[in-house]
Amino acid sequence: MTTLFISDLHLDDSRPAVTALFMAWLHEAAARADAVYILGDLFEAYIGDDDDAALIATVGDALRLLTDSGVPAYFVHGNRDFLVGPRFATRTGLRLLPDTSVVDLYGTPTLLLHGDTLCVADIAYQRVRVQLRDLAWQQQFLAQPLAARRTFAAQARADSAKHTGSTDVSIMDVTPAAVDDAFADAGVQRMIHGHTHRPAVHSLSAGRQRIVLGDWYEQGSVLRVDADQSVLTTLPLSI
Ligand SMILES: [Mn+2]
C-alpha cells in the first residue's frame with residue numbers, strides 16, 4: 001500500500017483544469033491510498049473558513065467523500081492557505097497538522113513541513129510571514145467583511161508576484177543550514193516538503209534525504225511512498 005503526498009496545487013478559478021485533475025485524482029488514486037498528506041498551498045488564496053466561494057465548497061465536498069470512504073487525509077498549512085481552520089477541518093474530515101511534524105512512514109520517521117520556513121535567505125518574505133502567522137493579526141483580519149478580505153488577498157498576491165519577479169532566484173530556495181537545523185531538531189533522516197516548486201529527491205550527507213514536491217501548474221505532482229521506495233510522479237493535465 002502507498003501513502004501519497006501533494007502540495008502547491010494553488011487551486012484557483014483561473015485554472016479549472018487543475019481543479020478538475022485534483023478532483024479526478026481524489027476519486028481515483030487517493031481513494032486507494034493508505035493516507036493522503038497535503039503539505040500546504042492547496043488553495044491559491046484562503047481568506048477564512050466562512051468564505052462562500054464555490055471552489056472551496058467543491059473541493060471541500062470532494063475531500064469529505066475521500067475521508068468518509070476511510071482514507072485519512074492530513075493538511076499542513078502553506079503560506080497561501082494558512083487560514084484553513086477548524087471549520088474547514090470538520091467539514092472535510094481533514095486532520096490539521098502543526099507546521100512541522102514527524103510521522104512514521106512504513107518504519108521511517110519523516111519530517112513533514114510546507115517548506116517556507118527553510119527559505120530563510122528571503123528576509124522580506126520571512127518578515128511578512130511573522131505578521132501573517134500572528135494570532136492577533138489573524139483575528140483582526142478574520143473579523144473584516146469577506147469583500148475586504150478578498151481585496152487584501154488580491155493585493156497580497158500581486159505583491160508576492162512582484163517580489164518573486166524581482167528577487168534573486170537563489171534566495172527563493174531553501175538554505176542548506178536551515179535544512180540541517182530542521183533535520184537535527186526533528187532527529188530524523190528524511191523530510192518531505194513543497195513550497196519551492198522544485199521537485200526532486202535530494203540525497204544528502206549522513207544518509208539524509210530531502211524530498212521536494214512539485215506544483216500543479218503544467219501537470220499534477222504526486223509523491224508515492226511505500227515500504228520500499230519514494231517516487232515522484234507527474235499527472236498529465238488534459239486541456
Ligand atoms: Mn508555498
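Keep in mind that what you see is a predicted model, and the values were worked out from it rather than measured.

Asker: An account of the overall build of the protein is needed here, citing residue identities and associated values.
Answerer: A count of helices and strands for the protein gives 7 helices and 11 strands. For the protein, the spread of C-alpha atoms along the three principal axes comes to 50 × 40 × 35 Å. Counting all 239 residues of the protein, 31% fall into the buried class. Within the protein, counting contacts between residues at least 6 apart in sequence, those at least 24 apart form 69% of the total.

Asker: Can you lay out the packing of helix 1 (residues 16–27) against helix 2 (residues 54–68) for me, pointing to particular residues and giving the numbers?
Answerer: Interaxial distance between helix 1 and helix 2 falls to 10 Å at its minimum, and their mutual angle equals 15°. Our classification of the angle between helix 1 and helix 2 gives roughly parallel. Like other packed secondary-structure pairs, helix 1 and helix 2 cross with a definite hand, here left-handed. Judged by residue contacts, Thr19, Met23 and Leu26 of helix 1 engage Leu55, Ala62, Leu63 and Leu66 from helix 2. Residue composition of the contact of helix 1 with helix 2, by class: 6 nonpolar, 1 polar and no charged.

Asker: Let's hear about the sheet that holds strand 8 (residues 200–203): which residues, and what values?
Answerer: One open sheet accounts for 5 strands, arranged 5-6-7-9-8; its pairing is mixed. If you trace the sheet from one side to the other, it starts and ends with strand 5 (100–105) and strand 8, each paired once. Here the strands of the sheet are splayed against their neighbours by 20° on average, with no regard to which way each runs. Sheet analysis places strand 6 (residues 108–113) next to strand 7 (residues 190–193), joined by 3 bridges and oriented parallel. Across the sheet, the residue bridging to Leu112 is Ile192, located in strand 7.

Asker: Which residues make up the nonpolar core, and what values do they have?
Answerer: Nonpolar side chains in soluble globular proteins generally cluster together in the buried interior. Judged by nonpolar contacts, the single largest core of 48 residues is most densely connected at Phe5, Val36, Ile38, Leu39 and Ile192. In this view, Leu39 contacts Phe5, Ser7, Val76, Leu112, His114, Ile192, His193, Gly194 and Leu213; residues no more than four positions away in its chain are not counted.

Asker: Can you tell me about the pairing of strand 6, naming the residues and giving the values?
Answerer: Relative to strand 6, strand 5 runs antiparallel, the two being bridged by 6 bridges. Note on strand 6: the bridge partner recorded for Thr100 is Leu113. In this antiparallel pair of consecutive strands, strand 5 and strand 6, the connection spans 2 residues, and Tyr106 shows a positive phi of 55°.

Asker: Account for the environment of Gln126, naming residues and giving values.
Answerer: Take Gln126: it is sitting in helix 4 (residues 123–132). In sequence terms Gln126 and Thr164 are 38 residues apart; their C-alpha atoms lie 13 Å from each other.

Asker: Lay out the environment of Val231 in plain terms, naming residues and giving numbers.
Answerer: Note that Val231 resides in strand 11 (residues 230–236). A count of 13 C-beta atoms within 10 Å places Val231 in the partly exposed class. Spatially, the C-alpha atoms of Val231 and Val201 are 8.5 Å apart, while their sequence positions differ by 30 residues.

Asker: Run through unusual backbone geometry, naming residues and quoting values.
Answerer: Across residues other than glycine, the phi torsion is negative in most instances, and most of the peptide bonds are trans. One non-glycine residue, Asp8, lies in positive phi territory at about 55°. Mapping Asp8 onto the fold places it in the loop between strand 1 (3–6) and helix 1. Positive phi outside glycine occurs at Asp41, with the angle close to 55°. Note on placement: Asp41 falls in the loop between strand 2 (35–38) and helix 2. For Asp41, a count of 29 C-beta atoms within 10 Å puts it in the buried group.

Each value, and the rule that gives it
- Residues numbered from 1 in each chain as written.
- Predicted model: local features only at pLDDT ≥ 70, side-chain atom pairs only at ≥ 80, totals over all residues.
- Helix = DSSP H or I, 4+ residues; strand = E, 2+ residues; numbered from the N terminus.
- Buried ≥ 20, exposed ≤ 12 C-beta atoms within 10 Å, placed from the backbone.
- Contact = placed C-beta atoms within 7 Å.
- Axes fitted to C-alpha atoms, helices over the stretch in contact; angles between N-to-C directions.
- Parallel < 35°, antiparallel > 145°, perpendicular 65-115°, else oblique.
- Left-handed = near helix turned anticlockwise from the far one by under 90°.
- Nonpolar A, V, L, I, M, F, W, Y, C, P; charged D, E, K, R; others polar.
- Pairing = 2+ DSSP bridges.
- Core = buried A, V, L, I, M, F, W, Y, C linked by C-beta atoms within 7 Å.

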